[in-house]
Amino acid sequence: MPTVTAIRRVFAVFTMAMLLLVLAAGAAHAQVKQVLVLGDSDASGNVGNRSLDYLLAAKTQMEGVVGAANVTYIAGMQLSTPALTPADMRRPDGSKYDVVVLVATYKGIAANNRDVIKNAIVNGDANAFFLFPDQCNGCTANVDQITMDWIPAITGWTLSKGLYLGTPTAANGYGFAELNTGNTTLSGSFTGAAPLVVNNYTTINGVPEANVLYMPRSQTLANNTNAATGLVSNVAALVVPRDPAKQHACVFVISDVNPWYNGAASSKPNPNLAQAVLNASSGSTCSAGNEGSITIDKTLAALPAG
């Protein structure tokens, strides 16, 4: 007949095994990112309109890294059919998405839906928003309606549009935006996705140097930084990390959709962009060392010898 000590040992081992299983399951679950992809999907209109191609490319690439079951997809002409509600910006159970990817091309995003998304950013209804409001010569004023409105809403910055960088010549090929590796806190998650393919886009003025993520290959950070104010002009992409003093989401923005898809480019968009987006959403790019952390220590009673 087993002794009391033996029974205790078996029970202790069983308890420890169950604890390890629970912790392992929790860790595996925590690694599964939940992604919302939304944008305009009008496939009609101007010749060469590829709005649906850009949107589906973002969806497909995000599914490739988190699995199709973990990607929610909302699309419509001008993203007004269906009209968004605040509930759409959260998962069905009310929890937050880890990442929201927005692609706005030729038809843009309808005003009512822009308000819903903007409020979701301000209220932190998702952990991170990655915005691609395209500003090409055939697009609506996406940068005016999205970048110049949503970013100041959470930062108070005064932004303006910089250079319009049109289609590069055939000799030069497609353009590129280079990663600002000087700011390792922000750029670390994107080292595998540099440079980005860009074409027909507008740069951004008035960005604090600490928030500059990508610069056009033709523009250096040093030559575009105001020494007196620390503000940078002609920025290709910026990021606003989460702030523990506020509730807003982390936000990335570039005024181009070509990083996801460019069917005519000899150099295809970087295949690591989707992974970089996921890494940035939970890494230093979005926290930038500003978020506090909680450490939980649990000391288990010593088990019997053996």
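Scroll up to find the structure.
Residues numbered from 1 in each chain as written. Predicted model: local features only at pLDDT ≥ 70, side-chain atom pairs only at ≥ 80, totals over all residues. Heavy atoms only, no water.

Engineer: Please explain the nonpolar core as it appears in this structure.
Structural biologist: Soluble, globular proteins show a tendency: their nonpolar side chains are buried together. With 43 residues, the main nonpolar core has Met62, Val101, Phe130, Phe190, Tyr214, Phe252 and Trp260 as its most contacted residues. Discounting chain neighbours no more than four positions away, the residues touching phenylalanine 252 are Phe129, Phe130, Leu131, Phe132, Phe190, Leu213, Ala237, Leu238 and Val239. Counting 37 residues, the second largest nonpolar core, distinct from the first, contains Ile74, Leu84, Leu131 and Val143. (Core = buried A, V, L, I, M, F, W, Y, C linked by side-chain atoms within 4.5 Å. Buried < 20%, exposed > 50% of the residue type's maximum accessible area, 1.4 Å probe, protein only. Contact = heavy atoms within 4.5 Å.)

Engineer: How should helix α2 (residues 51-66) be read in this particular structure?
Structural biologist: The α-helix winds at 3.6 residues per turn, so residues separated by three or four positions along the chain end up facing the same way. Along its 16 residues, α2 runs 23 Å from first to last C-alpha, staying within 8% of the 22 Å computed at 1.5 Å per residue. For α2, the full list of buried residues reads Ser51, Tyr54, Leu55, Ala57, Ala58, Lys59, Met62, Glu63 and Val66. Residues of α2 that are buried make contact with β1 (35-40), β2 (71-76), β3 (99-104) and α7 (273-282). (Helix = DSSP H or I, 4+ residues; strand = E, 2+ residues; numbered from the N terminus. Expected span 1.5 Å × (residues − 1).)

Engineer: Before we go on, may I ask you to explain the packing of α2 against α7 in this structure?
Structural biologist: What describes two packed helices is the angle between their axes and the distance between those same axes. Put simply, α2 and α7 touch, their axes get as near as 8 Å, and they point 65° apart. Viewed along their axes, α2 and α7 form a crossing whose handedness is right-handed. Touching Gln61, Met62, Val65 and Val66 of α2 are Ala274, Gln275, Val277 and Leu278, all from α7. Grouping the constituent residues of the contact of α2 with α7 by class yields six nonpolar, two polar and no charged. (Axes fitted to C-alpha atoms, helices over the stretch in contact; angles between N-to-C directions. Left-handed = near helix turned anticlockwise from the far one by under 90°. Nonpolar A, V, L, I, M, F, W, Y, C, P; charged D, E, K, R; others polar.)

Engineer: I tried to follow the pairing of strand β12 (residues 237-240) on my own but got confused; where do I start?
Structural biologist: In regular strands, side chains alternate between the two faces of the sheet. Burial along β12 is two-sided: Ala237 and Val239 and Leu238 and Val240, pointing in opposite directions, are all buried. Pairing analysis gives two bridges linking strand β10 (residues 212-216) to β12, with the strands arranged antiparallel. Note that in β12 the partner of valine 212 across the bridge is leucine 238. Of the strand pairs in this sheet, β12 and strand β13 (residues 250-254) are connected by four bridges, and their pairing is antiparallel. The residue bridging valine 239 from the neighbouring strand is phenylalanine 252, located in β13. (Pairing = 2+ DSSP bridges.)

Honestly, it's all geometry; don't read function into it.
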